[in-house]
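Fold and contact review
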Amino acid sequence: MSALIVEVVYRGIFQKNLAARIARGIVLSARKSGRWGIAFGRYGDSPQRNGIPAKDFAIVADTKEELEQNMARYEPKHTDVTVVLDDTLSKGVESWAWYGLQPINRLTVPNGTVLMTSVQPFEGLLKDIHKRDTPYKLSLLRAKASFSGLWVHKEDHTEARILGALAKIAPHFLTLDGVSEAIQEIEWGSDLKVASARKAFERLETREVKITEGNAEIPYSFEMPKWWEMREGVTIPAIPVGKPMEGGKGYVPERNPYFKKFTTRTMRPVIDFDKCVKCTLCWIQCPDSCFDVTSDGLYDANMESCCGCGVCEAVCPAKECVTMVSEAAFEDNASQWEMWRKDKGVYQTWMTNKIHSKEHITRSHGFRFRGQYDQEIKQDLDQGGIEIITGIPGENAAGKQR
Ligand code: SF4
Ligand code: SF4
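Criteria and thresholds
Once a new chain begins, its residue numbering starts again from 1 and follows that chain's sequence as written. Chains and ligands are labelled sequentially in the order written, the chains with letters from A and the ligands with numbers from 1. Whole-chain, interface and lining totals are the exception, using all residues; otherwise, since this is a predicted model, local features are given only for residues with pLDDT of at least 70 and side-chain atom pairs are given and counted only at 80 or more. With hydrogens and water set aside, each side-chain value is computed from the structure's full complement of heavy atoms. Helix numbers and strand numbers start at the N terminus; a helix is a DSSP run of H or I with at least 4 residues, a strand a run of E with at least 2. If DSSP finds at least two bridges between two strands, the strands pair. In this analysis an axis means a line fitted to C-alpha atoms, helices contributing only their contacting stretch, and an angle means the value between N-to-C directions, from 0 to 180 degrees. A single heavy atom is enough: if one lies within 4 Å of a molecule or strand, its residue is considered near that molecule or strand. We call Asp, Glu, Lys and Arg charged. Ala, Val, Leu, Ile, Met, Phe, Trp, Tyr, Cys and Pro are nonpolar, and the rest, Gly among them, are polar. Any Lys or Arg side-chain nitrogen found within 4 Å of a carboxyl oxygen on Asp or Glu counts as a salt bridge. For every residue, the accessible area (1.4 Å probe, protein chains only) is compared with the maximum for its type, and the residue is labelled buried under 20%, exposed over 50%, or partly exposed between those bounds. Counted as positive: Lys and Arg. Counted as negative: Asp and Glu, with His and the chain ends omitted from the count. Working rule for contacts: check all heavy atoms of both residues, and any pair within 4.5 Å makes them a contact. In this text, buried Ala, Val, Leu, Ile, Met, Phe, Trp, Tyr and Cys residues form a nonpolar core when linked through side-chain atoms within 4.5 Å. Buried and open spaces are told apart on a 1 Å grid over the protein atoms alone, a cavity being a set of points where a 1.4 Å probe fits but cannot get out and a pocket being an open set with protein on both sides within 12 Å along at least five of seven lines. Residues with an atom within 4 Å of a point are the lining residues. Grid points are joined across faces, edges and corners, and a volume is the space filled by probe spheres set on the points. The term polar contact refers here to a pair of N or O atoms within 3.5 Å; inside protein, the definition further demands a hydrogen-donor-capable atom paired with an acceptor-capable atom, and it admits residues adjacent in sequence only when both atoms are side-chain atoms. Patch definition: residues with relative accessible area over 30% and no salt bridge; like charges joined within 9 Å; nonpolar side chains (Val, Leu, Ile, Met, Phe, Trp, Tyr) joined within 5 Å. Here the Shrake-Rupley method, with its probe set to 1.4 Å, supplies the accessible areas, and only the displayed protein chains count as covering residues. Each C-beta atom gives one direction from the helix axis, and the arc is the one those directions make.

So, unusual backbone geometry
With a phi close to 80°, Thr-280 is a non-glycine residue in the positive phi region. A positive phi is found at Glu-320, a non-glycine position, where the angle reads about 55°. Here Glu-320 lies in the loop between α8 (311-315) and β11 (322-326).

Quick notes on the sheet that holds strand β6 (residues 136-141)
Strand order in the open sheet formed by seven strands is β2-β3-β1-β4-β5-β6-β7, with mixed pairing between adjacent strands. One side of each edge strand has no neighbouring strand; the edge strands of this open sheet are β2 (36-41) and β7 (205-209). Each neighbouring strand pair of the sheet contributes to a mean axis angle of 20°, computed without reference to strand direction. Bridge count for strand β5 (residues 108-117) against β6 is five bridges, and the pairing is parallel. Across the sheet, the residue bridging to Met-116 is Leu-140, located in β6.

Focus on the site of ligand 1
Around ligand 1 sit 13 residues, and of these Cys-286, Cys-306, Cys-309, Gly-310 and Cys-312 come closest. Residue classes in the shell around ligand 1 are distributed as 11 nonpolar, two polar and no charged.

Comments concerning the pattern of salt bridges
A pair can form between side chains of opposite charge whenever their charged atoms are brought close. Under the counting rule described, the total for this entry stands at 25 salt bridges. One network of salt bridges, with partners in common, ties together Arg-21, Glu-155, Glu-159 and Lys-193.

Remarks on the side chain of Lys-354
In this fold, Lys-354 is placed in helix α10 (residues 344-355). In this structure Lys-354 is buried but unpaired, with Glu-331 as the nearest side chain of opposite charge at 7.1 Å. With residues up to four places along the chain from it excluded, the contact list for Lys-354 reads Val-325, Ala-329, Phe-330, His-360 and Ile-361.

As for the nonpolar core
Judged by nonpolar contacts, the single largest core of 35 residues is most densely connected at Ile-26, Val-83, Leu-85, Leu-115, Leu-166 and Leu-174. Contributing elements (two or more residues each) for this core: β1 (3-11), α1 (16-32), β3 (53-61), β4 (79-84), α4 (158-169), α5 (176-185) and α6 (191-203). If you tally residues by element for this core, the top one is α4, at six residues. Non-local contacts of Leu-166, meaning those with residues more than four positions away in its chain, are made with Ile-26, Val-81, Val-83, Leu-115 and Leu-174. Counting residues in hydrophobic clusters, the runner-up holds 27 residues, among them Ile-271, Met-303, Cys-321 and Val-322.

Some words on the layout of surface pockets
Volume-wise, the second largest pocket comes out at about 1200 Å³. Taken together, 32 residues form the lining of the second largest pocket, with Pro-237, Asn-256, Pro-257, Tyr-258 and Phe-259 sitting closest to its centre. Looking at the lining of the second largest pocket residue by residue, the classes come out as 15 nonpolar, eight polar and nine charged.

Quick notes on the side chain of Glu-94
With respect to the helices and strands, the residue Glu-94 is situated in the loop between β4 and β5. Here Lys-261 takes part through its backbone nitrogen, which lies 3.2 Å from a polar atom of the side chain of Glu-94. In this view, Glu-94 contacts Ile-52, Pro-53, Gly-100, Tyr-220, Tyr-258, Phe-259, Lys-260, Lys-261 and Thr-263; residues no more than four positions away in its chain are not counted.

Here we look at the pairing of β1
Within β1, eight of the nine residues are buried, which leaves it mostly tucked inside the rest of the structure. Relative to β3, β1 runs antiparallel, the two being bridged by nine bridges. Of the residues in β3, the one forming a bridge with Tyr-10 is Ala-54. Bridge count between β1 and β4: four bridges; the pairing is parallel. Among the inter-strand pairings, Val-8 is bridged to a residue of β4, identified as Val-83.

Thoughts on a nonpolar patch on the surface
A grouping of Val-241, Tyr-251, Trp-283 and Ile-284 is seen on the molecular surface, where their side chains present a nonpolar patch of about 400 Å² in accessible area. Relative to the helices and strands, Tyr-251 resides in the loop between β7 and β8 (267-271).

Quick word on helix α2 (residues 64-71)
Among the residues of α2, Glu-66, Leu-67 and Asn-70 are the ones counted as buried. One side of α2 holds all its buried residues, which, seen down the axis, span an arc of 105°. α2 presents Glu-65 and Gln-69 as exposed residues on the side facing more than 90 degrees away from its buried surface. Summarising the contacts, the buried residues of α2 are in contact with β1, β2 and β3.

Nothing here speaks to function; it is all geometry.
Below, the structure is given as structure tokens:
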């Protein structure tokens, strides 16, 4: 008797439907493979915000009794497979539902698997994924992160491909035939998606990760107050007033010292300070009070609190002054203004490298102008992508309603 525990780590709102499809798809695939299964979301993630890391879980067991035994826990403490639906989650995850930064492989059991959609090389991802004291496997499905919205779904077959990959990773629980049968039957399924799942099964790339590999950074954490340190009743203190910067000039707003928000981000703003006209719009419009007003009257986005919404880029009136760049292109949260102030030439080279790389500025979600989606689809096709002409929403939905 044994069980397979899978967590699906996704970006709140943008991938909510995708994660639910995968978790439910695992359960149906389990039934088709002669196993028992259940899927559930993490309760605490319920009030999601755009991009915030969140989790669904699926458990598959050989017998009903074993499934019930696993369900007796509030949520799994260890997982055999960690499915990661966006490779920028490699830097770790912070959410409404837990405290501090969790390395993406934190719950994965020794010799378990982290399964990720990514076009980055293994080595690039291992610069971000935290080291751990037991080996594990990293499996990659070659794909860009699939982003959509709360009520919509991007029909790029990611859910089917993840299920095909899981059949390769855990064949005892999910057979490829079982997965194929489930995809054929499920309301979002189609023959084309079955073919995608089978291709993902064949093409999955897997590599062992040794304990010496990975990001050595100690993840951000904080001590929870003890019960005797808590104040009476429920009180929410107001945000204190911020502080001036050097020599009484500038202004640094007060920020939440416990909840950082940066793992919510898939892109971050890069600022060309030489183009800034000091209009204040980014500072006023940023929903997370990220901007420090610097002592020379410029605006420096604090990278620990930026959630990557792109509002600053949208409101900035100066041409090419703020550019959103993929989070994968950065290795720390250091101040851009400090770098610019220290050596403008070095900053110019650094910034040019980030904002002129097509790979870095391709948006993971959201659009800057009308027609951008059509343009991106065309680009994908020009680069050898295959146009999806069947299998679009709910090909099997009619059958389900009967
Ligand atoms: S992307 Fe810009 S507006 Fe959005 S949180 Fe970050 S700094 Fe603020
Ligand atoms: S919106 Fe642009 S130009 Fe205006 S202060 Fe911010 S960075 Fe400078």
